[in-house]
Amino acid sequence: MSLQSKLPNAATSIFAIMSKMATDYNAVNLSQGFPDFPVAPALVNLVSGAMKNGWNQYAPMPGLPLLRHGISQKIEKTYNTTANADTEITITAGGTQALFAAITALVFEGDEVIMFDPAYDSYDPVIKLNKGIPVHLELKAPFFGIDWEEVEENITTKTKAIIINTPHNPTGAVLSELDLLGLEKLVIKYGIYVISDEVYEHIIFDNKQHESILRYPGIYANGVAIFSFGKTFHATGWKTGYMVAPENITKELRKMHQFNVFATNTPVQYGIAEYIKNEENYLPLPKFYQAKRDKFAKLLSSSRFEAHHCYGTYFQLFSYDKISNKSDVEMAEWMTKEHKIATIPTSVFYKNGKHIKYLRICFAKSEKTLEQAAEILCKI
Ligand SMILES: Cc1ncc(COP(=O)(O)O)c(C=O)c1O
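Here's a quick rundown of the structure. What you are looking at is a predicted structure, and each value in this text was computed from that prediction instead of being measured. (Residues numbered from 1 in each chain as written. Predicted model: local features only at pLDDT ≥ 70, side-chain atom pairs only at ≥ 80, totals over all residues. Heavy atoms only, no water.)

**Some thoughts on the sheet that holds strand β13 (residues 358–362)**
Next up, step 1: The four strands are arranged β9-β10-β13-β12 in an open sheet whose pairing can be described as antiparallel. Every interior strand has two partners, whereas the edge strands, β9 (306–307) and β12 (344–345), have only one.
Next up, step 2: Bridge count for strand β10 (residues 315–319) against β13 is five bridges, and the pairing is antiparallel. By the bridge assignment for β13, Q316 is matched with I361. (Pairing = 2+ DSSP bridges. Helix = DSSP H or I, 4+ residues; strand = E, 2+ residues; numbered from the N terminus.)

**A few points about the site of the ligand**
Next up, step 1: Contacts to the ligand come from G94, G95, T96, Y120, N165, N169, D197, V199, Y200, S228, K231 and K239.
Next up, step 2: One nitrogen or oxygen atom from the main chain of G95 is found 2.7 Å from an oxygen atom belonging to the ligand.
Next up, step 3: Residue K231 places a side-chain N or O atom 2.8 Å away from an oxygen atom belonging to the ligand.
Next up, step 4: Across the complex, the protein chains shield 93% of the 400 Å² of accessible surface that the ligand would expose by itself.
Next up, step 5: For the shell around the ligand, the leading source of residues is helix α4 (residues 94–106), giving three residues.
Next up, step 6: In terms of residue class, the shell around the ligand is built from three nonpolar, six polar and three charged. (Near = heavy atom within 4 Å. Polar contact = N/O pair within 3.5 Å; in protein donor to acceptor, adjacent residues only side chain to side chain. Areas by Shrake-Rupley, 256 points an atom, 1.4 Å probe, with all protein chains shown as cover. Nonpolar A, V, L, I, M, F, W, Y, C, P; charged D, E, K, R; others polar.)

**Remarks on the state of the cysteines**
Next up, step 1: In the structure shown here, the tally under the stated rule is zero disulfides.
Next up, step 2: C310 forms no disulfide, and the closest cysteine sulfur to it belongs to C362, at a distance of 10 Å.
Next up, step 3: Judged by its relative accessible area of 0%, C310 is buried.
Next up, step 4: Its sulfur unpaired, C378 is 18 Å from the next cysteine sulfur, which belongs to C362. (Disulfide = S-S within 2.5 Å. Buried < 20%, exposed > 50% of the residue type's maximum accessible area, 1.4 Å probe, protein only.)

**With respect to the packing of aromatic side chains**
Next up, step 1: Within the structure shown, the criterion is met by 19 aromatic pairs.
Next up, step 2: Among the aromatic side chains, those forming a connected cluster through ring pairs are F37, Y200, F288, Y289, Y314 and F315.
Next up, step 3: Taking the ring centre of Y282 as reference, the NZ or CZ of K74 above it sits at 4.8 Å. (Phe/Tyr/Trp six-rings, centres within 6.5 Å; stacked < 30°, edge-to-face > 60°. Lys NZ or Arg CZ within 6 Å of the ring centre and 35° of its normal.)

**Re the pairing of strand β3 (residues 112–117)**
Next up, step 1: Within β3, six of the six residues are buried, leaving the element largely enclosed by the surrounding structure.
Next up, step 2: Of the two faces of β3, the one holding E112, I114 and F116 and the one holding V113, M115 and D117 are both buried throughout.
Next up, step 3: Note on the crossover from β3 through helix α5 (residues 123–129) to strand β4 (residues 133–138): the handedness is right-handed. (Right-handed = clockwise from strand over helix to strand, strands pointing away.)

**Re the pattern of salt bridges**
Next up, step 1: Summed over all chains, the structure comprises 19 salt bridges.
Next up, step 2: Between K74 and E201 there is a salt bridge, and its shortest N-O distance comes to 3.2 Å. Placement of the pair is K74 in helix α3 (residues 65–79) and E201 in the loop between β6 (193–197) and α8 (217–220), with a sequence separation of 127 residues.
Next up, step 3: Counted as one network, the salt bridges with shared partners bring together D206, R293 and D294. (Salt bridge = Lys/Arg side-chain N within 4 Å of Asp/Glu carboxyl O.)

**Points about the nonpolar core**
Next up, step 1: In this structure, V224, I226, Y289, F296, F305 and Y314 are the most contacted members of the largest nonpolar core, which totals 62 residues.
Next up, step 2: Examining the composition of this core, we find that seven residues originate from one element, α4, more than from any other.
Next up, step 3: Shared between two domains, this core holds at least three residues of each, these being domain 1 (14–32 + 284–377) and domain 2 (54–281).
Next up, step 4: Setting aside residues up to four positions removed in sequence, I226 forms contacts with G95, A98, L99, A102, I195, S196, D197, E198, V199, Y242 and M243. (Core = buried A, V, L, I, M, F, W, Y, C linked by side-chain atoms within 4.5 Å. Domains from an automatic or database assignment. Contact = heavy atoms within 4.5 Å.)

**Here we look at the packing of helix α12 (residues 285–299) against helix α14 (residues 367–377)**
Next up, step 1: The geometry of α12 relative to α14 is characterised by a closest axis approach of 9 Å and an angle of 25° between their N-to-C directions. By the angle class used here, α12 and α14 are roughly parallel. Our pair here, α12 against α14, has a crossing hand that is right-handed. Residues K292, K295, F296 and L299 of α12 form the contact with α14, whose participating residues are E367, L370, E371, A373, A374 and L377. (Axes fitted to C-alpha atoms, helices over the stretch in contact; angles between N-to-C directions. Parallel < 35°, antiparallel > 145°, perpendicular 65-115°, else oblique. Left-handed = near helix turned anticlockwise from the far one by under 90°.)

Right under this line is the structure:
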């Protein structure tokens, strides 16, 4: 009997492929998006303390009240708006599971969902799993911005939702107040939902302010905002995040969450609940990562790679146009094998693998890793 696939075109992700290649060829790994420096010892102590204190059984389905109330206060401090801890905030197994719950709750058979390429790799398959139709528009060069007129032209009677991501992986672009106002107009005019991937909310540079949908009532009324503690606390392996949505949407999100994971890791929730009380544990992130971005760009200034300006996230695109005519996939493979440095080709973030001569590097790395990487890149 042949097994039918619900996602026949989904292959092993490029992140897994490049990381394996990095290991096989003993290459410096700037490919996958995770820090190579440790989680703050204070946070590790809080989590391990929770384990030692016996907080090792199921958490309540929507998440520990202590953590949800902490997040509610954090939202008030950060975005000057309120989200009810009991009815609007749900703790998830990272941003990825929140995206899964949000898309699954909102998208029905035949619904169209507008998304923007280059895009994070989970949006398209999860829309398809729910028998929805992903409508891929492209972010516009040179700044990878959204053309809101084009978005409006693509809204049909079947359009159910729009997925946005700011700060944006892989381009490092951020949406402005004008973008959010443009989106708000469309949401009100056409009654569509917004799934807002904000996992890099605190990693934003050049004194820019993160424009969360939480600050735009017309969007938030139809919105789900998604966050990740993995990104904020250098702990991607803990897979802990949350989603924030109005009560009527949250009710549906929690049904998806309940039958997907039920509840997430209890001791991590206890540890983070205590840790987020102190805003010094997340507010310095822009300064911390901007220093890494600038250091790496400086180290590469004598190389033939050209940096595309990064306003947020810990990723940066580098053009290799002056070096080679290879496709970006060939270039990334060649660099891993021959020069022992692993990056991610940008074309994989496009529906049809656009020809684009950028490689994505992750600069969430120690000084030593960045120096080693720059030394190699300057010789290519
Ligand atoms: C844009 C974007 N959204 C969501 C996620 C997933 O976040 P998490 O690791 O918390 O599942 C990532 C992780 O790389 C991401 O880059």
